[in-house]
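Listed below, chain by chain, are the residues.
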Amino acid sequence: MPESPFPFPGREQEDFKKSLPMRIADYIVVQIFQGQYKPGERLKEEELAAMFETSRAPVREALYLLQINGLVERLPRRGAVVRSYAEKEVRDLYEVRLALENLAMDRIAERWQEEWEAEFHPILERMAQAAEAGDAKTYARHNADFHWLLMRLAGSDILWNLYRQTTYPLNTLTRLSTRTQEDLFRSTGEHRAIVEAMREHNFREAKALLSQNVQHGLERVLRVRF
């Protein structure tokens, strides 16, 4: 079973198995995801090396991993900085995400197993709890878990690897798309409706609801950023 590349609380055992560059990369992603590192902010190799009590080599490897995943870019005379996205790039990311998730839904429809419904319930419950608490950061993590589960159930390594390339920037943007409690409640309801449609074997409706959910997320991101 593939693992989510995004570091969530409660996965310390998984983190322990990761290489130092991966752990450094995960730390940077969390800081970006939580808004501690802003778009355009320089990521200082010397500070990160001191924090992890290592040389700059693992830090450079971590920054390279984030660069190829679209979350960091290198600028002349500035080095590695948190990447910002133009509106067209944000739209492209969401369009690619939706295309891959719709393909995943088609694969799920072909091989649906009734017990899969139960895998979504703990995630939905955690999403509901975060929405009730107005905790946008926690909600965004569980939102990512929901969509990651969709891709896992598709059972396609090709889809999985393609989707994985969009994960880091999309997780960061997702946090921007659910900032208010109203957004959290609405998004929770949309995800519950997707699972209900799958439970009823109405995968055409599930795809339509999934498309609406992704589109609503895009609209909220664009309102905040542009």
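The structure presented is a predicted model; accordingly, all values stated were derived computationally and were not measured.

1. What about the confidence of the model for the protein?
Regions with low pLDDT should not have their predicted coordinates read in detail.
And step 1. Overall, the predicted model of the protein reaches an average pLDDT of 87, with 92% of residues at or above 70.
And step 2. Mean pLDDT values for the elements of the protein range from 46 in helix H1 (residues 12–17) up to 97 in helix H6 (residues 116–133).
And step 3. Within the model, pLDDT remains below 50 along residues 1–16, and this stretch shows 29 contacts once partners closer than five positions in the same chain are excluded.

2. Concerning the pairing of strand S1 (residues 72–75)
And step 1. Summarising the sheet, S1 and strand S2 (residues 79–82) pair through four bridges and their orientation is antiparallel. For Arg74, the partnering residue across the bridge sits in S2 and is Ala80.
And step 2. Linking two consecutive strands that pair antiparallel, namely S1 and S2, is a turn of three residues; a positive phi of about 65° is found at Arg77 within it.

3. Topic: the domain arrangement of the protein
Where interface size is quoted, it is often the accessible area lost as the parts come together.
And step 1. As far as domains go, the protein holds domain 1 (20–82) and domain 2 (87–223).
And step 2. Every contact between the two is made by ten residues of domain 1 and, on the other side, ten residues of domain 2.
And step 3. For the pair domain 1 and domain 2, the summed buried surface comes to about 970 Å²; carbon and sulfur atoms form 60% of the total.
And step 4. When residues of domain 1 are sorted by the area they lose upon contact with domain 2, Phe33, Gln34 and Asn69 head the list and together hold 64% of the total.
And step 5. On the surface where domain 1 and domain 2 come into contact, there are zero salt bridges.
And step 6. Here domain 1 is connected to domain 2 by zero residue pairs in polar contact (both at pLDDT 80 or more).
And step 7. Of all the elements, helix H2 (residues 20–33) adds the most residues to the side of domain 1 that touches domain 2, at four residues.

4. Quick notes on unusual backbone geometry
And step 1. The backbone of Arg77 shows a phi angle near 65°, a positive value even though the residue is not glycine.
And step 2. Examined against the element boundaries, Arg77 turns out to sit in the loop between S1 and S2.
And step 3. The phi angle at His201 is positive, at roughly 65°, despite the residue not being glycine.
And step 4. As for its position among the elements, His201 is in the loop between helix H9 (181–199) and helix H10 (203–225).
And step 5. In this structure His201 comes out as partly exposed when scored by relative accessible area, which is 46%.

5. Side note on H9
And step 1. Taking 1.5 Å per residue as the helical rise, H9 with its 19 residues ought to reach 27 Å, and the 27 Å between its terminal C-alpha atoms agrees with that figure.
And step 2. For H9, the set of buried residues is Asp183, Leu184, Ser187, Thr188, Glu190, His191, Ile194, Val195, Ala197 and Met198.
And step 3. Taken from the residues just after H9, His201 is the one with a positive phi, measuring 65°.

6. Some words on the packing of aromatic side chains
And step 1. Counted according to the given criterion, the structure contains six aromatic pairs.
And step 2. Measuring from centroid to centroid gives 5.6 Å for Tyr27 and Phe52, while their planes differ by 75°, and the two rings are edge-to-face. With Tyr27 in helix H2 and Phe52 in the loop between helix H3 (45–51) and helix H4 (56–68), this pair connects stretches of sequence that are 25 residues apart.
And step 3. Owing to a relative accessible area of 23%, Phe52 belongs among the partly exposed residues under this scheme.

7. A closer look at the packing of H2 against H4
Two measures define how a pair of helices packs: the angle their axes make with one another and the distance between the axes.
And step 1. Taken N-terminus to C-terminus, the directions of H2 and H4 make an angle of 60°; their axes are 8 Å apart at the nearest point. When the axes of H2 and H4 are compared, the pair comes out oblique. In the crossing of H2 with H4, the sense of the turn from one axis to the other is right-handed. On H4, the residues that touch Leu20, Pro21, Met22, Ile24, Ala25, Ile28 and Val29 of H2 are Pro58, Val59, Glu61, Ala62, Leu63, Leu65 and Leu66.

Cut-offs applied
Residues numbered from 1 in each chain as written. Predicted model: local features only at pLDDT ≥ 70, side-chain atom pairs only at ≥ 80, totals over all residues. Heavy atoms only, no water. pLDDT = per-residue confidence, 0-100. Helix = DSSP H or I, 4+ residues; strand = E, 2+ residues; numbered from the N terminus. Contact = heavy atoms within 4.5 Å. Pairing = 2+ DSSP bridges. Domains from an automatic or database assignment. Buried area = accessible area lost by both parts, 1.4 Å probe. Salt bridge = Lys/Arg side-chain N within 4 Å of Asp/Glu carboxyl O. Polar contact = N/O pair within 3.5 Å; in protein donor to acceptor, adjacent residues only side chain to side chain. Buried < 20%, exposed > 50% of the residue type's maximum accessible area, 1.4 Å probe, protein only. Expected span 1.5 Å × (residues − 1). Phe/Tyr/Trp six-rings, centres within 6.5 Å; stacked < 30°, edge-to-face > 60°. Axes fitted to C-alpha atoms, helices over the stretch in contact; angles between N-to-C directions. Parallel < 35°, antiparallel > 145°, perpendicular 65-115°, else oblique. Left-handed = near helix turned anticlockwise from the far one by under 90°.

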